[in-house]
Amino acid sequence: MALKGNLRDFSTTQLLNLIHLARKTGCLTVRTSSEAARLYFRDGKLIHAHTANHDGHLATMLVKAGKLTNEQAQKIMARPEGRNDVQLGMLLIKAGHVSREDIIQSVRRYMLDIVYTLFGWYDGEFEFTPDALPSADRILIPVNLEQVILEGSRRLQEHERLQDELPDLDHTALRFTNGADARLRAVNLTVEEWRVISFVSPRNTIRVIAQANNMDDFQVRKVVYGLIQAGIVELVRPTGQMAALGVPGEFGAEKPPAIKRSLIERLINRIKRI
Amino acid sequence: MQAVKIVITGPFNAGKTQFIRAVSEIDVVSTESKITDPAERIKEETTVAMDFGRITIEDDLVLYLFGTPGQRRFDFMWEILSEGMLGFIVMVDSTRPETFREARYILQVFRSYAPTPYVVAANKQDLSEAWSPEDLRIALKVDPEVKVIPCVATDKEQVKNVLLELLYTILERLELEEAGAEMEH
Ligand SMILES: Nc1nc2c(ncn2[C@@H]2O[C@H](COP(=O)(O)OP(=O)(O)OP(=O)(O)O)[C@@H](O)[C@H]2O)c(=O)[nH]1
Ligand SMILES: [Mg+2]
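(A) Main features of the environment of Glu145 of chain B. Position of Glu145 of chain B relative to the elements: it lies in the loop between α4 (133-139) and β7 (148-150). Glu145 of chain B sits 24 residues away from Thr169 of chain B along the chain, and the two C-alpha atoms are 9.9 Å apart.

(B) Structural detail: the interface of chain B and chain A. At the interface, 44 residues of chain B touch 36 residues of chain A. For the pairing of chain B and chain A, the buried interface totals around 3,800 Å² over both sides, and the portion due to carbon and sulfur atoms is 65%. At the junction of chain B with chain A, the criterion picks out 5 salt bridges. As a salt-bridge pair, Glu175 of chain B and Arg261 of chain A come within 3.7 Å of each other at their nearest N and O atoms. Taken together, chain B and chain A are joined by 10 residue pairs in polar contact (both at pLDDT 80 or more). Looking at the side of chain B that touches chain A, the elements with two or more residues in it are β1 (2-9), β3 (45-58), β4 (61-67), α3 (100-113), α4 and α5 (156-184) of chain B. The greatest single-element share of the side of chain B that touches chain A, amounting to 13 residues, is contributed by α5 of chain B. Classifying every residue of the side of chain B that touches chain A gives 21 nonpolar, 7 polar and 16 charged.

(C) Spatial organisation of helix α3 (residues 70-78) of chain A. Residue and element names in this part refer to chain A. Burial in α3 covers these residues: Ala73, Ile76 and Met77. Buried residues of α3, seen end-on, are gathered within an arc of 95° and therefore sit on one face of the element. Opposite the buried face of α3, by more than 90 degrees, sit the exposed residues Glu71, Gln74, Lys75 and Ala78. Residues of α3 that are buried in the fold lie against α2 (58-64) and α4 (85-94).

Reading the values: rules and limits
- Residues numbered from 1 in each chain as written.
- Chains lettered and ligands numbered in written order.
- Predicted model: local features only at pLDDT ≥ 70, side-chain atom pairs only at ≥ 80, totals over all residues.
- Heavy atoms only, no water.
- Helix = DSSP H or I, 4+ residues; strand = E, 2+ residues; numbered from the N terminus.
- Contact = heavy atoms within 4.5 Å.
- Buried area = accessible area lost by both parts, 1.4 Å probe.
- Salt bridge = Lys/Arg side-chain N within 4 Å of Asp/Glu carboxyl O.
- Polar contact = N/O pair within 3.5 Å; in protein donor to acceptor, adjacent residues only side chain to side chain.
- Nonpolar A, V, L, I, M, F, W, Y, C, P; charged D, E, K, R; others polar.
- Buried < 20%, exposed > 50% of the residue type's maximum accessible area, 1.4 Å probe, protein only.
- Arc of directions from axis to C-beta.

Okay, here's the thing in structure tokens:
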């Protein structure tokens, strides 16, 4: 089964959300005309990332985090064990140069920086290779994608796509998803997000929520989009309107169900015989 | 004579016409026309107003299959076609993620017409670039209780299977309603 396409059609947010929900293991490669990145996942968690320009070795990450100087890194990388991140990490900890926590934080920061830049790519071919994992000498820090998606969406400065995802603020409301309370506990929300959360109800259109919080269309879209992608809220038709729309259709109460059931059973029997 | 209908909808080039052709007993009355817009020239013909197929159930009962036009500029036809339908099928070309957003839009529009049962057909599963039905479910944000069924519209058995799954869904809904009605008495 392929999982291939272009970010134009299926955004970074949507991709990460899919990987998270389907608890995928494997490697996501994304290529734009000028850049490329590889992200690795295990059971739907991000475990490693690097770009075409940065090899993703520990020495490089520690330079970026200000724990090593460029010269130190160059010296390390010139030696064979300097290319084995796990070994190098242990050496540096033993030498008292960095702490275990420093390493974890630097690796994490490095991966997240790469993922967050991906949110700014709107055009690029992607492909997911199932079960591909980084080599064994890399340090893998599992990162929960829910938080990443929320933060990435926060940074998502793209009016058009938001407009596309949430076209109609006047005729859409929000409700909490089934797992919302557990997710709310697992993520850190901004003040704005809490403000929106406090108005979540099928009775309030998104427009009403925006007005109550003095947010403009873009702000409220951004917050709502992030909350949807994090699986905390979902879109519903406002209940105030449901009554107006509740015109009984053809499929409904007028005909006694017994007749209709036998009718459907006849259709089923006939189609089986085609 | 009673006539009932099922609507087959979905984005441009999803395989709706193919689907109806696979099971219709009459040559599909198609309103295909040559494609003039170069952006859509990935195939020769497209459905303009609708496709129309028929399955005679018994002397007194026929099932009509209506296929909607895939292009947005014909979407004024959608509501007309969906009137009084038993249920609908959203066909998706599983190999073309660039059409998924459109598929979501179509799904929402049809759902808004009436609370009619529906299923999603993940079409073109014979092609290697096809996204799996599970991935499509997430990509299209399909409700958990709605079936996403793998499909190859050129294969009659698979088309039958999608139709049957929709009919089972309708049946389940009727049984629920019946149980609900009994509870009220
Ligand atoms: N490989 C493969 N090709 C398919 C399948 N279903 C349809 N096709 C092909 O896909 C193309 C589009 O099919 P159509 O049935 O014309 O699609 P449509 O949804 O009616 O398209 P519009 O009417 O233009 O919206 C045709 O070339 C079909 O032969 C399938 O399951 N597998
Ligand atoms: Mg057609």
